[in-house]
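An overview of the molecular structure
As a plain string of letters, each chain reads:
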Amino acid sequence: MPTPANKTRPADRILAAGALPVAATLLTGTVALYITLVAFGNITDFDSNQQFVRHVLAMDTTFKDDDLMWRAVGSTALQDTAYVGIIVWETLAALILLAATARWIGALRRPRGLRRARQAGTIGLLMILVLFGAGFIGIGGEWFAMWQSEDWNGLDAATRIVTLAGIVLVVTHLPSADAPADGPTRGEPGPNPPA
């Protein structure tokens, strides 16, 4: 049965959205899945990564250089507060990225939603970059000298996540052939105006 001229099939609308929105959807969903599993793991297996945070902040497996050891945080209450803060941040980032993924999926069918999908994704991805870039690489790696530890060194994992989140952020902001990078402005029709 032929489709009326003014009605398009969902698959046709998705294809009309272009390859970049599809890529942004899949990549945002990948990061959302990852950070959701990380947050879930930290909540349901609290002790495993609690030990990681405690050792990093205590600096008890570093070179024990007197010029650096004044930075160590020995209070388990402060260490655990930092760990709970990390879990809360991860959980918020997961929720935002899951919502962004849902918005991207919606935008594949209705391109006018691209701007909101991109905005939500950007917020979530920046949260990931701040946590793993500033938090783990900057503060953990340099301030608490995590790079010196053979046992409690999360720099490689943090670098992988920063790289992935950075690539996804770039992909979501690449200009599309159909619409400007920020989408249509107010009063301006989107790439597929209604018929």
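Residues numbered from 1 in each chain as written. Predicted model: local features only at pLDDT ≥ 70, side-chain atom pairs only at ≥ 80, totals over all residues. Heavy atoms only, no water.

This brings us to the overall build of the protein chain. Per the secondary structure count, the protein chain includes 6 helices and 0 strands. Beginning at the N terminus, the succession of helices and strands in the protein chain can be written as α-α-α-α-α-α. Out of the 195 residues belonging to the protein chain, those deemed buried represent 35%. Of the contacts formed within the protein chain by residues at least 6 apart in sequence, a portion of 76% connects residues at least 24 apart. (Helix = DSSP H or I, 4+ residues; strand = E, 2+ residues; numbered from the N terminus. Buried < 20%, exposed > 50% of the residue type's maximum accessible area, 1.4 Å probe, protein only. Contact = heavy atoms within 4.5 Å.)

Attention shifts here to the side chain of Asn42. Within the fold, Asn42 resides in helix 2 (residues 19-44). Side chain to side chain, Asn42 and Tyr83 meet in a polar contact 3.5 Å long. Ignoring any residue separated from it by four or fewer positions in sequence, one finds Asn42 in contact with Asn49, Tyr83, Ile87 and Glu90. (Polar contact = N/O pair within 3.5 Å; in protein donor to acceptor, adjacent residues only side chain to side chain.)

Our next topic: the nonpolar core. Note on soluble globular proteins: their nonpolar side chains tend to be buried together. Grouped together as the largest cluster of nonpolar side chains are 30 residues, with contacts concentrated most on Ile35, Leu97, Leu125, Ile128, Phe132 and Phe136. Going through the elements one at a time, helix 2, helix 3 (46-58), helix 4 (76-109), helix 5 (114-143) and helix 6 (155-172) are the ones with two or more residues in this core. Leaving out residues up to four positions away in the same chain, Leu125 has contacts with Val31, Leu97, Ala165, Val168 and Leu169. Among the nonpolar cores identified, the runner-up in size contains 5 residues, and Ala24, Trp104, Leu114 and Ala117 belong to it. (Core = buried A, V, L, I, M, F, W, Y, C linked by side-chain atoms within 4.5 Å.)

Moving on to helix 6. For helix 6, which comprises 18 residues, the first-to-last C-alpha distance of 26 Å matches the rise-based estimate of 26 Å (1.5 Å per residue) to within 8%. Listed in full, the buried residues belonging to helix 6 are Leu155, Ala158, Ile161, Ala165, Val168, Leu169, Val171 and Thr172. Elements in contact with the buried residues of helix 6: helix 2, helix 4 and helix 5. (Expected span 1.5 Å × (residues − 1).)

Turning our eyes to something else, we now look at unusual backbone geometry. The backbone phi angle of Met59 is positive, close to 55 degrees, even though this residue is not glycine. Along the chain, Met59 turns up in the loop between helix 3 and helix 4.

Right, let's get into the confidence of the model for the protein chain. For residues with low pLDDT, the predicted coordinates do not support detailed interpretation. Put simply, the protein chain has an average pLDDT of 89, and 82% of its residues get 70 or more. Of all the helices and strands in the protein chain, helix 1 (residues 10-17) carries the lowest mean pLDDT, 56, while helix 6 carries the highest, 98. (pLDDT = per-residue confidence, 0-100.)

Inspection of the secondary structure assignment puts Leu20 in helix 2. Put simply, Leu20 and Val171 are 151 residues apart on the chain and 7.2 Å apart in space, counted from C-alpha to C-alpha. In contact with Leu20, other than residues within four places in its own chain, are Val171, Leu174, Pro175 and Ser176.

A surface patch of nonpolar side chains, about 420 Å² in accessible area, is lined by Val84, Val88, Leu92, Leu95 and Leu98. With a relative accessible area of 40%, Leu98 lands in the partly exposed category. (Patch = residues over 30% accessible without salt bridge, like charges linked within 9 Å, V, L, I, M, F, W, Y side chains within 5 Å. Areas by Shrake-Rupley, 256 points an atom, 1.4 Å probe, with all protein chains shown as cover. Salt bridge = Lys/Arg side-chain N within 4 Å of Asp/Glu carboxyl O.)

This part takes up the packing of aromatic side chains. Evaluated as defined, the whole model comprises 6 aromatic pairs. Look at Phe52 and Trp152: their rings are 6.3 Å apart centre to centre, the planes differ by 55 degrees, and that puts the pair in the tilted class. Of this pair, Phe52 sits in helix 3 while Trp152 sits in the loop between helix 5 and helix 6, and the two are 100 residues apart along the sequence. Residue Phe52 is classed as buried on the basis of its relative accessible area of 15%. Between Phe63 and Trp147, the ring centres sit 5.7 Å apart and the planes meet at 80 degrees, which makes this aromatic pair edge-to-face. Of this pair, Phe63 sits in the loop between helix 3 and helix 4 while Trp147 sits in the loop between helix 5 and helix 6, and the two are 84 residues apart along the sequence. Through successive ring pairs, a cluster of aromatic residues spans Phe52, Phe132, Phe136 and Trp152. (Phe/Tyr/Trp six-rings, centres within 6.5 Å; stacked < 30°, edge-to-face > 60°.)

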